[in-house]
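Spelled out from the first residue to the last, the chains are:
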Amino acid sequence: MRRRAPEFRRPLRRRFPNAFWWALCGVAVLLFVFTLSRVNQMESRPVIPTRFRNDRVMEGLNITDEMLSPNSVSRQLNDQIALAKAFVVIAKESNNLQFAWELSAQIRSSQILLSNAATRRVPLTIRETETAIRDMALILYQAQQLHYDSATMIMRLKAKIQTMEEQMSSVSEKSSKYGQIAAEEVPKSLYCLGIQLTSEWFRSPNIQRKIKDRKQIEMKLKDNNLYHFCVFSDNILATSVVVNSTSINSKNPDKIVFHLVTDEINYAAMKAWFSINSFRGVTVEVQKFEDFTWLNASYVPVLKQLQDTDTQSYYFSGNSDDGRTPIKFRNPKYLSMLNHLRFYIPEVFPALKKVVFLDDDVVVQKDLSDLFSIDLKGNVNGAVETCMETFHRYHKYLNYSHPLIRAHFDPDACGWAFGMNVFDLVQWRQRNVTGIYHYWQERNIDRTLWKLGTLPPGLLTFYGLTEPLDASWHILGLGYTTVDPHLIEKGAVLHYNGNSKPWLKIGMEKYKPLWEKYVDYGHSLLQRCNFH
């Protein structure tokens, strides 16, 4: 047989040993098993935020176990530090500054030990804390020798608290007095306005002639088909705001009649102001209570009390009852007849059948004509009740330890507000309400039934004769507290009761704009008196 040529011969195959192939397969299997186990381990492991993945917690330190352990030196150090801090305060109060410094230094040493243990995450041992605990124990023992023990600390703290309470009481009393003085002051601008208007009244005969020429409006003053409002005040600007705000927000200002009563001092100024200013056709009448012949001491208990020596001493000297009575009850303004005329409205306006009484510290922001058609259901007084707040019930105003009060009045009866009241003068006269007022005033001559003011006798006088009105008619509190803005928005009459009247510097700034928008600051007289 012939052999093929060399170029046609098949290449010789190289054969690897079988051991190599077996080794290669083994490595592949191991890699597969390792990869599969890593995937399963990652899926079963909870997700840990990245910032904590490298945060290894050593098994040797468990903070909870450490602090609960009876042999914990960390807890012992913390207890010593707490006690030492209390002794530092006492040492400083005792003016022992050197000892206070030593205590503070030892506290810092113990805190450094605790800080180092927390940093390295290894519990403190007795060996490394032995010196610190012993040194702290020695200085705490020294504190006890200086009578810085618990009993002494308690006694000193009690004395400190008592001193602070006395200081707080003194500051509170002074604050009340100064606040009352600030509330009673007449601002220079108001005083200036009164003088300017009085001068204008006597200097300009045209103004007086204008008053005399308005006799045609006298019929309106007695027309019970019109809307009659009354204000008793000696504050010209405040009264002007009441009249102006009522007229601006009225649908029929020409049907409104304002009956203003003031005193002799402010009479000319009040007449001048309402003569030279127009209020959208509102009719304004100004009187002074000194012209009321029936207003005398034989008829009016308050005037009779003013002649009493003890009463004068109580309200004007300020030396009686050792200051037990709050200063707000000792304010002589409560004895002013302008304040008590509200109990004589039928006598002041004998021709009227219904009238709405307004205080001079209110702002009207809705039409009030609907008040005159409200059915009072045979009652005399229509008023907004204030017992939604528990402290405005009868027992807060009257002395229920007195048998007369206990026998006639429910202590939980609802109080109500003076400041916007609808009075049925026909029912008033029939029920002799003024006589009821006189009865209670005469029995309170020794001030045992109530302190001074008009609301307590009003609660007694109109007890069982008051018809509750919807709360939106009269919103109170703008002179002393925060009021819900929604109530203000819906309110017909906003009352600045309290010391912070809007015309005073101490007035609440957030409520002043509601009042000031009815003041014409561009008026020449107001500019002359620096109103701004």
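Scoring rules and cut-offs
Here the residue numbers are simple positions, counted from 1 along each chain's written sequence. Owing to the predicted nature of the model, reporting of local features is limited to residues with pLDDT of at least 70; listing and counting of side-chain atom pairs is limited to 80 or more, with chain, interface and lining totals taken over all residues. To obtain the side-chain values, all non-hydrogen atoms of the structure were used and water was disregarded. Comment: elements are numbered from the N terminus, with helices defined as DSSP H or I runs of at least four residues and strands as E runs of at least two. Buried means the residue's accessible area, taken with a 1.4 Å probe over protein chains only, is under 20% of the maximum for its type, while exposed means over 50%, and partly exposed covers the values in between. Throughout, a residue-residue contact means that at least one pair of heavy atoms, one from each residue, lies within 4.5 Å. Every accessible area reported is derived by Shrake-Rupley at a probe size of 1.4 Å, with residue values counting cover from the shown protein chains alone. Whether two strands pair depends on DSSP finding at least two bridges between them. With axes taken as lines fitted to C-alpha atoms, and helix axes fitted only over the stretch in contact, angles between N-to-C directions fall between 0 and 180 degrees. Handedness is read with the strands pointing away from the viewer; a crossover is right-handed when the path from the first strand over the helix to the second is clockwise. Only buried residues count toward a nonpolar core. Its members are Ala, Val, Leu, Ile, Met, Phe, Trp, Tyr and Cys residues joined through side-chain atoms within 4.5 Å. For every residue, the predictor states its confidence as a pLDDT score lying anywhere from 0 to 100. Expected helix span is given by 1.5 Å per residue-to-residue step, counting one fewer step than there are residues. This arc corresponds to the set of directions leading from the helix axis out to the C-beta atoms. Working definition: rings of Phe, Tyr and Trp (its six-membered ring) pair if their centres are within 6.5 Å, and the pair is stacked with planes under 30 degrees apart, edge-to-face with planes over 60 apart, and tilted otherwise. Throughout this description, the term charge over a ring refers to an Arg CZ or Lys NZ atom that lies within 6 Å of the ring centre and within 35 degrees of the ring normal.

### What to know about the overall build of the protein
Item 1. For the protein, the count of helices and strands is 22 helices and 10 strands.
Item 2. Within the protein, the fraction of its 532 residues that count as buried is 43%.
Item 3. When contacts within the protein are restricted to residue pairs at least 6 apart in sequence, those whose partners lie at least 24 apart make up 75%.
Item 4. In the structure as shown, the protein presents an accessible area of about 31,500 Å², 54% of it carried by carbon and sulfur atoms.

### What about the sheet that holds strand β8 (residues 466-468)?
Item 1. Overall, mixed pairing links the seven strands, which are arranged β3-β2-β1-β4-β7-β6-β8 in an open sheet. Sheet topology places β3 (283-288) and β8 at the edges, where each strand pairs with a single neighbour. The sheet shows a mean angle of 25 degrees between the axes of neighbouring strands, taken without regard to direction.
Item 2. Pairing between strand β4 (residues 354-358) and strand β7 (residues 420-424): five bridges, direction antiparallel. Among the inter-strand pairings, V356 is bridged to a residue of β7, identified as V422.
Item 3. Strand contacts of helix α10 (residues 236-248): β1 (227-232), β2 (256-262), β3 and β4, with the helix running at about 175 degrees to β2, the strand carrying the most contacts.

### Focus on the environment of G435
Item 1. Tracing the backbone through its elements, the reader meets G435 in helix α18 (residues 433-443).
Item 2. In the structure, G435 is positioned 91 residues away from Y344 in sequence and 9.9 Å away in space, judged by C-alpha atoms.

### Some thoughts on the environment of A351
Item 1. Note on placement: A351 falls in the loop between α15 (345-348) and β4.
Item 2. Residue classification places A351 among the partly exposed residues on the basis of a relative accessible area of 37%.
Item 3. Setting aside chain neighbours within four positions, we find A351 in contact with K222 and N224.

### Overview of the sheet that holds strand β9 (residues 474-475)
Item 1. Strands sit in the order β5-β10-β9 across an open sheet of three strands; the sheet is mixed. Edge strands, defined here as strands with exactly one partner in the open sheet, are β5 (362-364) and β9.
Item 2. Relative to strand β10 (residues 493-495), β9 runs parallel, the two sharing two bridges. Bridge assignment links H474 to a residue of β10, and that residue is V493.

### Quick look at the pairing of β3
Item 1. Counting buried positions along β3 gives six out of six residues, so the element sits mostly inside the fold.
Item 2. Covered by surrounding structure in β3 are T283, E285 and Q287 together with V284, V286 and K288, the residues of both alternating faces.
Item 3. Here β2 pairs with β3 via six bridges, running parallel. Note on β3: the bridge partner recorded for F258 is V284.
Item 4. Tracing the backbone out of β2, into helix α11 (residues 264-276) and back to the parallel element β3 gives a crossover that is right-handed.

### Some details on the nonpolar core
Item 1. In terms of nonpolar packing, the biggest core is built from 61 residues, with L193, F229, F258, W273, F274, L358 and L371 touching the most fellow members.
Item 2. Among the elements that line this core, the one with the most residues is α11, at seven residues.

### A word on the confidence of the model for the protein
Item 1. Looking at the protein as a whole, its pLDDT mean stands at 82, while 76% of the residues score no less than 70.
Item 2. Scored below 50 in pLDDT, residues 1-16 shows three contacts in the model against residues more than four places distant or in partner chains.
Item 3. Low pLDDT, under 50, characterises residues 39-61; the predicted model gives this stretch nine contacts beyond four residues in sequence or across chains.

### Focus on helix α8 (residues 188-203)
Residues spaced three or four apart along an α-helix point in a common direction, a consequence of the helix completing one turn every 3.6 residues.
Item 1. Given a rise of 1.5 Å per residue, 16 residues ought to cover 22 Å, and the 22 Å separating the end C-alpha atoms of α8 matches this to within 8%.
Item 2. Burial in α8 covers these residues: S189, L190, L193, G194, L197, E200 and W201. Each buried residue of α8 lies within a common arc of 140 degrees when the element is viewed along its axis, so the set occupies one face. In α8, those exposed residues whose orientation departs by more than 90 degrees from the buried face are K188, Y191, F202 and R203.

### Examining the pairing of β4
Item 1. Within β4, four of the five residues are buried, leaving the element largely enclosed by the surrounding structure.
Item 2. Looking at chain direction, β1 and β4 are connected through two bridges and run parallel. Bridged to F229 within β4 is V356.

### Considerations on the packing of aromatic side chains
Item 1. According to the stated counting rule, one finds 26 aromatic pairs in the structure shown.
Item 2. Ring centres of F343 and F418 lie 5.9 Å apart, and the angle between their planes is 85 degrees; this geometry places the pair in the edge-to-face category. Highlighted residues: F343 in the loop between α14 (337-340) and α15 and F418 in the loop between α16 (403-408) and β7, separated in sequence by 75 residues.
Item 3. According to the relative accessible area criterion, F418 is buried, its value standing at 8%.
Item 4. The ring of Y267 has K288 sitting right over it, with the charged end atom 4.3 Å from the ring centre.
Item 5. When the ring centre of F418 is taken as reference, the NZ or CZ atom of R342 above it lies at 4.9 Å.

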